[in-house]
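Chain by chain, the residues:
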Amino acid sequence: MSPLEPPRARRVAIIGGARVPFARSDGPYATASNQEMLTAALDGLAERHGLTEPGAVGEFVAGAVLKHSRDFNLARETVLGSALDPRTPAYDVQQACGTGLQAVIAAANKIALGQTESAVAGGADTASDAPLGVNDRLRRILLEARRAKSLGGRAKALAKIRPAHLVPDIPRNAEPRTGLSMGEHAAVTARAWGITREAQDELAATSHRRLAAAYERGFFQDLVVPFRGLARDQNLRPGSTVEKLATLKPVFGLDAPGATMTAGNSTPLTDGAATVLLASEEWAEARGLEPLAYLTAYETAAVDFVGGDVAGGEDGLLMAPAHAVPRMLERAGLGIEDFDLVEIHEAFASQVLATLAAWEKRGLAPVDRARLNAAGSSLATGHPFAATGARIVATLARLLAERGGPGRGLISVCAAGGQGVTAVLERT
């Protein structure tokens, strides 16, 4: 190969994954940091796949959405506190709820180009230990005091502090451009697509039922690492039924009649972390590791949720996967009917149903519900923002391997900021 000839892309194998059970915020992980949870997941992965020897992993890519200033180098600090070789390079990425999947893509690209042989990708988030910012007015006064050239100048600046300035800035689940929460945006989309309460509750109940069944058959034995007394996802409600969910009151979309979105068909605030091991085929073969599946395609998209067709449903905050998936499938020469399994991140049941409707509107075949989120998804597991993508990749890869023989799976993750990250996994 000449120096100017681009390298031939290699297949990227998914070897396995490890995550801590996801917990509801202010629960068992209330005092656990992003780094602590991510380290626990990474150590579980390292132990199960023999990654503790020097140079075992080419690099670690991870991120978090809710980050303290101490998390500025989260991935690298996690490596230094883990069982991995401390000489393992690491860096952070962040794309809201798409962070985990985007970390997988970033790692996969380097493996595909031959820049590394193996990598771990993942993410963590804690809604319990969310950072509290200094009140912005107080921050400006403190900066003024720091810039003052004399003691008198500093005293004059600090004299401006009032009791109201001591109230911290608390993180809000709202889009800066619109002031609306993610749930309120989803409610607008639900109305636009005519998503019913009954359909949302059915999807939520199915998610809990399937996650419970997956735990019962031991599906998560190699994927979940016990942490702080939890061995299963705390949000899981095996007894969830449509009838029970129907008793809950709507919490989003209350500004219009017929609100349909409840705490039961929406994901709760969650703490957790997840990781995925990716490698070249040569690396896996040399270590006697059987790939679960291969990452073969991926696509990102964004919508104009501020000035676009929001009322019509096309540009709803969480609708970017409705644009990314058809584009990705056209490029790959595939249709929905070519997939054995489909994984759609369940930020809200209404968002999943709106995405399915949008795919059909764009000419894709209907998704067989038996193939959708076969082991449950975010409505049952919970949703630590940056961890969800890695959870889904590892879950789908194991589902494909569990089937035996060739298979193909689709991943669709919506994200704040009107973005979406999607991917294709295959087993040959």
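Further up the page is the structure itself.
Residues numbered from 1 in each chain as written. Predicted model: local features only at pLDDT ≥ 70, side-chain atom pairs only at ≥ 80, totals over all residues. Heavy atoms only, no water.

A few points about the pattern of salt bridges
Under the definition given, this model contains 23 salt bridges. Close ionic contact of Arg70 with Asp129 constitutes a salt bridge, the shortest N to O distance being 2.6 Å. You can see Arg70 sitting in the loop between strand E3 (59-63) and helix H2 (74-80) and its partner Asp129 sitting in the loop between strand E5 (118-125) and helix H4 (136-147), a full 59 residues away along the chain. The salt bridge partner of Asp368 is Arg371, with a shortest N-O separation of 3.8 Å. Judged by relative accessible area, which is 41%, Asp368 ranks as partly exposed. Note on Arg371: relative accessible area 33%, which makes it partly exposed. When salt bridges that share partners are traced, they join Asp136, Arg139 and Arg140 into one network. (Salt bridge = Lys/Arg side-chain N within 4 Å of Asp/Glu carboxyl O. Helix = DSSP H or I, 4+ residues; strand = E, 2+ residues; numbered from the N terminus. Buried < 20%, exposed > 50% of the residue type's maximum accessible area, 1.4 Å probe, protein only.)

Topic: the state of the cysteines
The tally for this structure, following the rule as stated, stands at zero disulfides. You can see Cys97 has no disulfide; the closest cysteine sulfur is in Cys414, sitting 6.4 Å from it. The exposure class assigned to Cys97 is buried, which follows from its relative accessible area of 4%. (Disulfide = S-S within 2.5 Å.)

Comments concerning the nonpolar core
In terms of nonpolar packing, the biggest core is built from 48 residues, with Leu101, Phe220, Leu278, Ile411 and Leu425 touching the most fellow members. Discounting chain neighbours no more than four positions away, the residues touching Leu101 are Gly389, Ala390, Val393, Ile411, Val413, Val421, Thr422 and Ala423. The next biggest cluster of nonpolar side chains, apart from the first, holds 37 residues, and it includes Ala62, Ala64, Ala90 and Trp283. (Core = buried A, V, L, I, M, F, W, Y, C linked by side-chain atoms within 4.5 Å. Contact = heavy atoms within 4.5 Å.)

Here we look at the side chain of Ser378
Positionally, Ser378 belongs in helix H12 (residues 378-381). Of the residues examined, Ser378 reaches a relative accessible area of 0% and is grouped as buried. A distance of 3.2 Å separates a polar atom in the side chain of Ser378 from a polar atom in the side chain of Arg391. Setting aside residues up to four positions removed in sequence, Ser378 forms contacts with Thr267, His345, Glu346, His383, Thr388 and Arg391. (Polar contact = N/O pair within 3.5 Å; in protein donor to acceptor, adjacent residues only side chain to side chain.)

Side note on helix H6 (residues 182-193)
Counted at 1.5 Å a residue, the expected span for H6 with its 12 residues is 16 Å, and the 17 Å between its end C-alpha atoms agrees. If you check which residues of H6 are buried, you get Met182, Gly183, His185, Ala186, Ala187, Thr189, Ala190 and Trp193. Close packing links the buried residues of H6 with strand E6 (250-252), strand E7 (261-262) and helix H11 (349-361). Positive backbone phi, approximately 65 degrees, marks Gly194, located one or two places after H6. (Expected span 1.5 Å × (residues − 1).)

Remarks on the packing of aromatic side chains
Under the criterion given, the structure shown has four aromatic pairs. Taking 4.6 Å as the distance between ring centres and 40 degrees as the angle between the ring planes, the aromatic pair formed by Tyr215 and Phe220 counts as tilted. In this pair, the class of Tyr215 matches that of Phe220, namely buried. Seen from their ring centres, Phe219 and Phe220 are 5.0 Å apart, and the 85 degrees between their planes marks the pair as edge-to-face. Phe219 gets classed as buried once you look at its relative accessible area, which sits at 5%. Classification of Phe220 as buried rests on a relative accessible area of 5%. (Phe/Tyr/Trp six-rings, centres within 6.5 Å; stacked < 30°, edge-to-face > 60°.)

So, unusual backbone geometry
When glycine is set aside, most residues are seen to have a negative phi, and most peptide bonds are trans. Here the phi dihedral of Arg228 falls at roughly 50 degrees; this positive angle occurs in a residue that is not glycine. As for its position among the elements, Arg228 is in the loop between helix H7 (197-216) and helix H8 (242-245). Under the relative-accessibility criterion, Arg228 is labelled partly exposed at 34%. The backbone phi angle of Asn373 is positive, close to 50 degrees, even though this residue is not glycine. Summarising the element assignment, Asn373 is placed in the loop between H11 and H12.

A look at the environment of Gly152
Tracing the backbone shows Gly152 in helix H5 (residues 151-158). Relative accessible area serves as the criterion here: at 49%, Gly152 is assigned to the partly exposed category. The sequence separation of Gly152 and Leu138 amounts to 14 residues, and the corresponding C-alpha distance is 18 Å.

Quick look at empty space enclosed by the protein
Sizing a probe to match a water molecule and rolling it over the atoms shows the empty space that remains. For the coordinates displayed, the defined rule picks out two cavities of 30 Å³ or more. The computed volume of the largest cavity comes to approximately 40 Å³. Gly17, Ala18, Arg19, Leu223, Ala274, Thr275, Ala390, Arg391, Ala394 and Thr395 together form the lining of the largest cavity. At four residues, the largest contribution of residues to the lining of the largest cavity is made by helix H13 (residues 388-403). (1 Å grid on protein atoms, 1.4 Å probe; cavity = no way out; pocket = protein on both sides within 12 Å on 5 of 7 lines; lining within 4 Å. Points joined across faces, edges and corners; volume = space filled by probe spheres on them.)

Looking at the layout of surface pockets
Each pocket or cavity is described by its volume, and for the second largest pocket that value is around 160 Å³. Looking at the second largest pocket, it is lined by 13 residues, and the ones nearest its centre are His208, Arg237, Ser240, Leu245 and Gly264.

Brief notes about the pairing of strand E12 (residues 419-427)
The element E12 is extensively covered by neighbouring structure, given that eight of its nine residues are classed as buried. Relative to E12, strand E9 (residues 293-302) runs antiparallel, the two being bridged by eight bridges. Following the sheet pairing, Tyr294 is matched in E12 by Glu426. Pairing between strand E11 (residues 407-415) and E12: nine bridges, direction antiparallel. Bridged to Gly407 within E12 is Arg427. (Pairing = 2+ DSSP bridges.)

From the geometry alone we can't say anything about function, so treat these as descriptive.
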